[in-house]
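The residues making up each chain are set out below.
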Amino acid sequence: MFWSRLWSLFGGASRQEENAPGALEWQQALAAVPILQGFTRSDQLRLVALAQQFLARKTLTQIGVELTPRQQAVLALQAVLPILHLGLDWYRGFHEIILIPEPVTRRQEVQDEFGLVSEWEEENAGESWPQGPLVLAWSELQQDGDWDGFNLVIHELAHKLDMLGGEADGAPPLPAGMEPRQWTQALQGAFDAMNAQLARDEVTAIDPYAAEHPAEFFAVCCESFFTDPLRLQQVYPAVYRQLSQFFSQDPALRFPATRLLAGEAQTGSLV
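Residue positions are given per chain, counted from 1 along the sequence in the order it is written. Local features in this predicted model are restricted to residues of pLDDT 70 or higher, and side-chain atom pairs are both shown and tallied only at a pLDDT of 80 or more, whereas totals for entire chains, interfaces and linings draw on every residue. Excluded from the side-chain calculation are hydrogens and water; included are all heavy atoms of the structure.

**So, the pairing of strand β6 (residues 134–137)**
The line we're drawing: Type-normalised accessible area, obtained with a 1.4 Å probe on protein chains alone, sets the label of each residue: buried when under 20%, exposed when over 50%, and partly exposed for intermediate values. Here a helix means four or more residues in a row that DSSP labels H or I, a strand means two or more in a row labelled E, and each is numbered from the N terminus. Note on pairing: two strands pair once DSSP finds at least 2 bridges between them.
Burial along β6 is two-sided: L134 and L136 and V135 and A137, pointing in opposite directions, are all buried. Strand direction decides the pairing type here: strand β2 (residues 96–100) and β6, joined by four bridges, are parallel. Bridge pairing links I98 to V135 in β6.

**Remarks on the packing of helix α3 (residues 41–57) against helix α4 (residues 69–80)**
Inclusion rule: With axes taken as lines fitted to C-alpha atoms, and helix axes fitted only over the stretch in contact, angles between N-to-C directions fall between 0 and 180 degrees. Note on angle classes: values under 35 degrees are labelled roughly parallel, values over 145 roughly antiparallel, values of 65 to 115 roughly perpendicular, and the remainder oblique. Here, residues are in contact when the closest pair of their heavy atoms is within 4.5 Å.
As a packed pair, α3 and α4 sit with axes 8 Å apart at the nearest point and diverge in direction by 110 degrees. In terms of orientation, α3 and α4 fall into the roughly perpendicular class. Contact residues: L47, V48, L50, A51, F54 and L55 in α3; Q72, A76, L77, A79 and V80 in α4.

**Side note on unusual backbone geometry**
In this structure, D201 takes a positive phi of about 60 degrees despite not being glycine. Checked against the element boundaries, D201 lands in the loop between α7 (180–199) and α8 (214–227). Non-glycine residue S248 carries a positive phi angle of around 55 degrees. Among the structural elements, S248 can be located in the loop between α10 (237–247) and α11 (257–262). Classification of S248 by relative accessible area gives partly exposed; the value is 45%.

**Section: the side chain of K58**
Inclusion rule: Residues counted as positive are Lys and Arg, residues counted as negative are Asp and Glu, and His and the chain ends are not counted. Definition used for salt bridges: Asp or Glu carboxyl oxygen within 4 Å of a side-chain nitrogen of Lys or Arg.
Mapped onto the fold, K58 is located in the loop between α3 and β1 (59–62). The buried charged residue K58 lacks any salt bridge partner; its closest oppositely charged side chain belongs to D89, at an N-O distance of 8.6 Å.

**Points about α4**
Rules: Given a helix with a known number of residues, its expected span is that number minus one, times 1.5 Å.
Under the 1.5 Å per step criterion, the end-to-end length of α4 is 17 Å for 12 residues, consistent within 8% with the ideal 16 Å. Counting buried positions along α4 gives 10 out of 12 residues, so the element sits mostly inside the fold. Of the positions making up α4, those classed as buried are Q71, Q72, A73, V74, L75, A76, L77, Q78, A79 and V80.

**Side note on the pattern of salt bridges**
Tallied over the entire structure, the rule returns four salt bridges. As a salt-bridge pair, E202 and R200 come within 2.8 Å of each other at their nearest N and O atoms. A relative accessible area of 33% means that E202 is categorised as partly exposed.

Treat this as a map of the structure, not an account of what it does.
Dropping the structure here:
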């Protein structure tokens, strides 16, 4: 049986903490998260193995929150979903994930060419820096995992993938066999098209935050790729093809037929 094999692989593994997920928690987490459905048993085992390595190698610093073993499993499985066929080495360069209860509100300032300073407050649910930790708001993470186009942990880890090539600019290092020119044409073309839409006051098919910067466009497209693949495939087919090659995955094939019949995904807390 599949879960018997899972138990034999992970049930007796050594733990850094007493509340680390065991085989039951991995089983429950896989069953609870819609975007983790539709994988073969082999890929499910690969996901769990990567997620366990992820938790073992990254320090999970919890400030004002305390995740249960099942919640840790839910977080880790979504975190490693993008690197299912890339490997954990693609998450090199950072060692800590800091969990905070709520998004942080910061006052931002910008000075224009005439010297006028504008101020506004900006809410940050997640942050990532080159060679620095990943910061995630638990209140936002609790909404992740559905086929709804949004996923904070995938978004922030996409920035980490991007930063492997230096500054976050929407151009991560590409796996062997991919053509950089095709990548640039696809993503830059879609980025420009979205900005043109916004200039015409049109509603965009994916989160308009993507138009802020090429790095945000890449991160938002990664969110959409894994959590709303049919929409991304329809609106930006060239971007979808590039991401499919990059991640060696095709989430559109896993999108549940019941959601197609319903017309839209059900949303809600999964943890």
